[in-house]
Amino acid sequence: MGREFLRRVKQTFDAEGVEIPFPHRTLYFGAASRPELAQILNEDHSRQRTGS
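So, a few notes on the structure that sits alongside this text.

How each quantity is defined
Residues numbered from 1 in each chain as written. Predicted model: local features only at pLDDT ≥ 70, side-chain atom pairs only at ≥ 80, totals over all residues. Heavy atoms only, no water. Helix = DSSP H or I, 4+ residues; strand = E, 2+ residues; numbered from the N terminus. Buried < 20%, exposed > 50% of the residue type's maximum accessible area, 1.4 Å probe, protein only. Areas by Shrake-Rupley, 256 points an atom, 1.4 Å probe, with all protein chains shown as cover. Expected span 1.5 Å × (residues − 1). Patch = residues over 30% accessible without salt bridge, like charges linked within 9 Å, V, L, I, M, F, W, Y side chains within 5 Å. Salt bridge = Lys/Arg side-chain N within 4 Å of Asp/Glu carboxyl O.

Check the secondary structure of the protein chain and you find 2 helices and 0 strands. Scored against the burial criterion, the 52 residues of the protein chain give a buried share of 0%. Element-wise, carbon and sulfur atoms account for 58% of the exposed surface of the protein chain, whose accessible area totals about 5,400 Å².

A separate point is helix H1 (residues 2-16). The first and last C-alpha atoms of H1 sit 21 Å apart over 15 residues, in line with the 21 Å expected at 1.5 Å per residue. Positive backbone phi, at 80°, marks Gly17, one or two positions downstream of H1.

We now examine a nonpolar patch on the surface. Taken together, the side chains of Phe13, Val18 and Ile20 make up a nonpolar region of the molecular surface, amounting to roughly 240 Å² of accessible area. Tracing the sequence through the fold places Ile20 in the loop between H1 and helix H2 (35-50).

It is worth spelling out the pattern of salt bridges at this point. Within this structure, the stated rule accounts for 3 salt bridges. With a shortest N-O distance of 2.8 Å, Arg8 and Glu4 are connected by a salt bridge. Residue Arg8 and its partner Glu4 are both found in helix H1; the two are separated by 4 residues, about one turn of the helix. For Glu4, a relative accessible area of 31% corresponds to the partly exposed category. Lys10 is the salt-bridge partner of Asp14, the closest N and O atoms lying 2.7 Å from each other. Here Lys10 and Asp14 lie together in helix H1, a separation of 4 residues that amounts to about one turn. Note on Asp14: relative accessible area 46%, which makes it partly exposed.

What follows is the structure, encoded as structure tokens:
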């Protein structure tokens, strides 16, 4: 009965345009996982050394 109930709920939500959120998690493993951040930090560090 539980599966049938959930199936009907899902069908009704789909018909009404209701999205069901799902849990998600994003993991970052240091600077290696965010190259754009590492690039920005390198540029800032280079500017500080050269005085630009």
